[in-house]
Amino acid sequence: MKKILILPILILFILASCEKVVDIDLPSTAPKLIIDASFEVMFNKNPIIANTTVKLRLSADYFEENIPVVTNASVFITNLANGNVIDFSDTDLDGDYEPTTSFIPEDNSVYELTVIYENETYVGRATKIKSTTLTNVTQGESTLFSGNETELELNFIDDGNQDNYYLFDFTKNNFFTLEDRFFNGSNYNFSFFYLEDEIELPSNVTVKMSGISKEYFTYFRILVRQSGQGGGGPFQPVPTSLLGNIVNTTNDANFPLGYFHISETDTFSLDLVDKTK
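Everything numeric here is computed off the predicted structure, so don't read it as measured data.

Engineer: I would appreciate a short explanation of the overall build of the protein in the present structure.
Structural biologist: Each helix and strand in the protein was counted, giving 3 helices and 16 strands. Every one of the 277 residues in the protein was classed for burial, and the buried ones make up 40%. Expressed as a percentage of contacts within the protein between residues at least 6 apart in sequence, the contacts between residues at least 24 apart total 64%. If you sum the accessible surface of the protein, you get close to 16200 Å²; carbon and sulfur atoms cover 52% of it.

Structure below.
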């Protein structure tokens, strides 16, 4: 940029007058079914509640802003331990399928998700992954580079009996994955920072900490890397097709995108204040 600024004004004028808009015609690809079935069981609530929405969309070309919703699918989940079937319906016709009866995923049960769309059957399996609880979340005093970031200090005790993987949701499309490789069984503390343009103070935020499987940990890290932090989740167009754990049992060449996962999730709400005043 500095070299351009010191060019004579006449040359800048000539270059500007020679600008030409070039339209890049990217090839269209056949839309694929996207299945977002990331369930959250809020195990510390009384009574226990769960977010068990299955979101169905179709993939779109890279520069498309609108993501088509799927409203004409058949969706159900089977508890393979006892054969119980839970039906899902899209009553609002927005592509979000909710269970027609109360559904709280149980411990040590394998659940099979089935989606039937355009005469093809998609199947994935998941077991609820346990999590610990957030001991505390507080607003810190530290900043990063600009001096205007807002710090959250988090604390929890890791379960030392197994390898654990966590997904943190800080709202504002801010996600963070963490594995306990270096703090297995410890009382662990770390900080997260909101950038100045990500949050307006004062503000209330809800932090979620979910237990996830090693496979989902890997999947989500790649997803964030491809989409970019704050990229909008699994429905944001990404450079490559990221395969999850759901397969098309009718036509394996027409594979779906997305993931079926069940997490124990703890939440912590916090009022953030402007500490510069």
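Engineer: I'm lost on the sheet that holds strand β9 (residues 134-139) in this one. Help?
Structural biologist: Two pairing modes exist for strands in a sheet, parallel and antiparallel, and in both the strands are linked by backbone hydrogen bonds. A sheet is described by the order of its strands in space; here 3 strands give the open sequence β9-β10-β13, paired in antiparallel fashion. The open sheet has two edge strands, β9 and β13 (187-194), and neither has a second partner. If you compare each strand with its neighbour and ignore which way they point, the axes differ by 20° on average. One ladder, built from 8 bridges, connects strand β10 (residues 150-157) with β13; its direction is antiparallel. Bridge pairing links L152 to F192 in β13.

Engineer: Help me understand the nonpolar core, please; the structure alone is not making it clear to me.
Structural biologist: Formed by 25 residues in total, the largest nonpolar core has its most connected members in V54, L56, L113 and F260. When contributions to this core are tallied by element, the ones reaching two or more residues are β1 (33-42), β3 (54-58), β4 (74-79), β5 (85-89), β7 (110-117), β8 (120-127) and β16 (257-272). Sort the elements by how many residues they give to this core and β1 lands first, with 5 residues. Those residues in contact with V54 that lie beyond four places of it in its chain are I35, D36, A37, F39, V75, F88, G95, D96, Y97 and L113.

Basis of the calculations
- Residues numbered from 1 in each chain as written.
- Predicted model: local features only at pLDDT ≥ 70, side-chain atom pairs only at ≥ 80, totals over all residues.
- Heavy atoms only, no water.
- Helix = DSSP H or I, 4+ residues; strand = E, 2+ residues; numbered from the N terminus.
- Buried < 20%, exposed > 50% of the residue type's maximum accessible area, 1.4 Å probe, protein only.
- Contact = heavy atoms within 4.5 Å.
- Areas by Shrake-Rupley, 256 points an atom, 1.4 Å probe, with all protein chains shown as cover.
- Pairing = 2+ DSSP bridges.
- Axes fitted to C-alpha atoms, helices over the stretch in contact; angles between N-to-C directions.
- Core = buried A, V, L, I, M, F, W, Y, C linked by side-chain atoms within 4.5 Å.

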